Amino acid sequence: MLNLVIFGPPGSGKGTQAVKIAEKFNLFHLSTGDIFRANIKGGTELGNLAQTFMDKGDLVPDEVTIKMLQAEVEKHPEVKGFIFDGFPRTIPQADSLDKFLATRKTNISNMLSLEVEDEELLKRIILRGKNSGRADDQNEEIVRNRIKEYNTKTAPLKNYYLQQGKCKIILGLGGIEEIFGKLCAAIETVV
Ligand code: AMP
């Protein structure tokens, strides 16, 4: 199996690139943000719970997110591999993912880290908010909190994967195709 993590701050282009990678390498795109949003739309219990955190730009608690992620993976036993988008976002999530994949006789092949500076992120997200309709994209204070959550809780994960020799750093500036080309070149070295 080829299991990739696409990693980077909010607005770094993870979602856009994950869709393209999934198509090219025949992987299942699993975005925890998309799943939470679908649950909010559907008015499920999980959606109602997640919304209280997402509305503030806070991370949803680990135990809720981990349980949901594992259930999603189990729904797709037939796939060739996953591209995880927006997960893991904390060290406990990364630890649980490693252990969970080990029980399924597989592992994370590589983590692709998209690097973009904070001020550029803010500009991109506010612009996206005008079209996406995402409430958490439209308020500067919430966006800043999401970036802060990223810097304090998520950014340390880069070291987690670096220590495992599984982190590829890609500059997330430039056009979509240009960045996609760099990601593909990085992935080709591990397939
Ligand atoms: P995203 O679509 O990846 O930007 O995620 C949107 C929001 O969903 C985040 O700001 C968090 O509130 C929540 N979320 C998504 N993935 C996770 C995760 N792995 N852990 C905790 N919260 C998450």
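Coordinates for the structure precede this section.
A brief look at the structure comes next. (Residues numbered from 1 in each chain as written. Predicted model: local features only at pLDDT ≥ 70, side-chain atom pairs only at ≥ 80, totals over all residues. Heavy atoms only, no water.)

## Quick notes on the pattern of salt bridges
A side chain with one charge may pair with a side chain of the opposite charge, provided their charged atoms come close.
Move 1: In total, this model carries 14 salt bridges according to the counting rule given.
Move 2: Close ionic contact of Arg 124 with Glu 120 constitutes a salt bridge, the shortest N to O distance being 3.1 Å. In this pair, Arg 124 and Glu 120 are both assigned in helix 6 (residues 118-132), four residues apart and thus about one turn of the helix distant.
Move 3: According to the relative accessible area criterion, Arg 124 is partly exposed, its value standing at 24%.
Move 4: Note that Asp 136 is salt-bridged to Arg 134, the shortest N-O span being 3.0 Å. (Salt bridge = Lys/Arg side-chain N within 4 Å of Asp/Glu carboxyl O. Helix = DSSP H or I, 4+ residues; strand = E, 2+ residues; numbered from the N terminus. Buried < 20%, exposed > 50% of the residue type's maximum accessible area, 1.4 Å probe, protein only.)

## Some thoughts on the pairing of strand 1 (residues 4-7)
Move 1: Side-chain alternation along strand 1 places Leu 4 and Ile 6 on one buried face and Val 5 and Phe 7 on a second face that is also buried.
Move 2: Summarising the sheet, strand 1 and strand 3 (residues 82-85) pair through three bridges and their orientation is parallel. Within the sheet, the bridge partner assigned to Val 5 lies in strand 3 and is Phe 84.
Move 3: Where strand 1 lies against strand 4 (residues 110-115), four bridges are found, and the strand directions are parallel. Bridging across to strand 4, Phe 7 finds its partner in Ser 113. (Pairing = 2+ DSSP bridges.)

## Quick word on the site of the ligand
Move 1: In the vicinity of the ligand lie 16 residues, with Thr 32, Arg 37, Asp 58, Gly 86 and Arg 89 positioned nearest.
Move 2: Between a nitrogen atom of the ligand and a main-chain N or O atom of Gly 86, the distance comes to 2.8 Å.
Move 3: Protein contact buries 96% of the 480 Å² of open area that the ligand shows by itself.
Move 4: Here the ligand occupies the largest pocket.
Move 5: Top contributing element to the shell around the ligand by residue count: helix 2 (residues 32-41), with four residues.
Move 6: Here the residues of the shell around the ligand sort into five nonpolar, five polar and six charged. (Near = heavy atom within 4 Å. Polar contact = N/O pair within 3.5 Å; in protein donor to acceptor, adjacent residues only side chain to side chain. Areas by Shrake-Rupley, 256 points an atom, 1.4 Å probe, with all protein chains shown as cover. 1 Å grid on protein atoms, 1.4 Å probe; cavity = no way out; pocket = protein on both sides within 12 Å on 5 of 7 lines; lining within 4 Å. Sits in = over half its atoms within 2 Å of the grid points. Nonpolar A, V, L, I, M, F, W, Y, C, P; charged D, E, K, R; others polar.)

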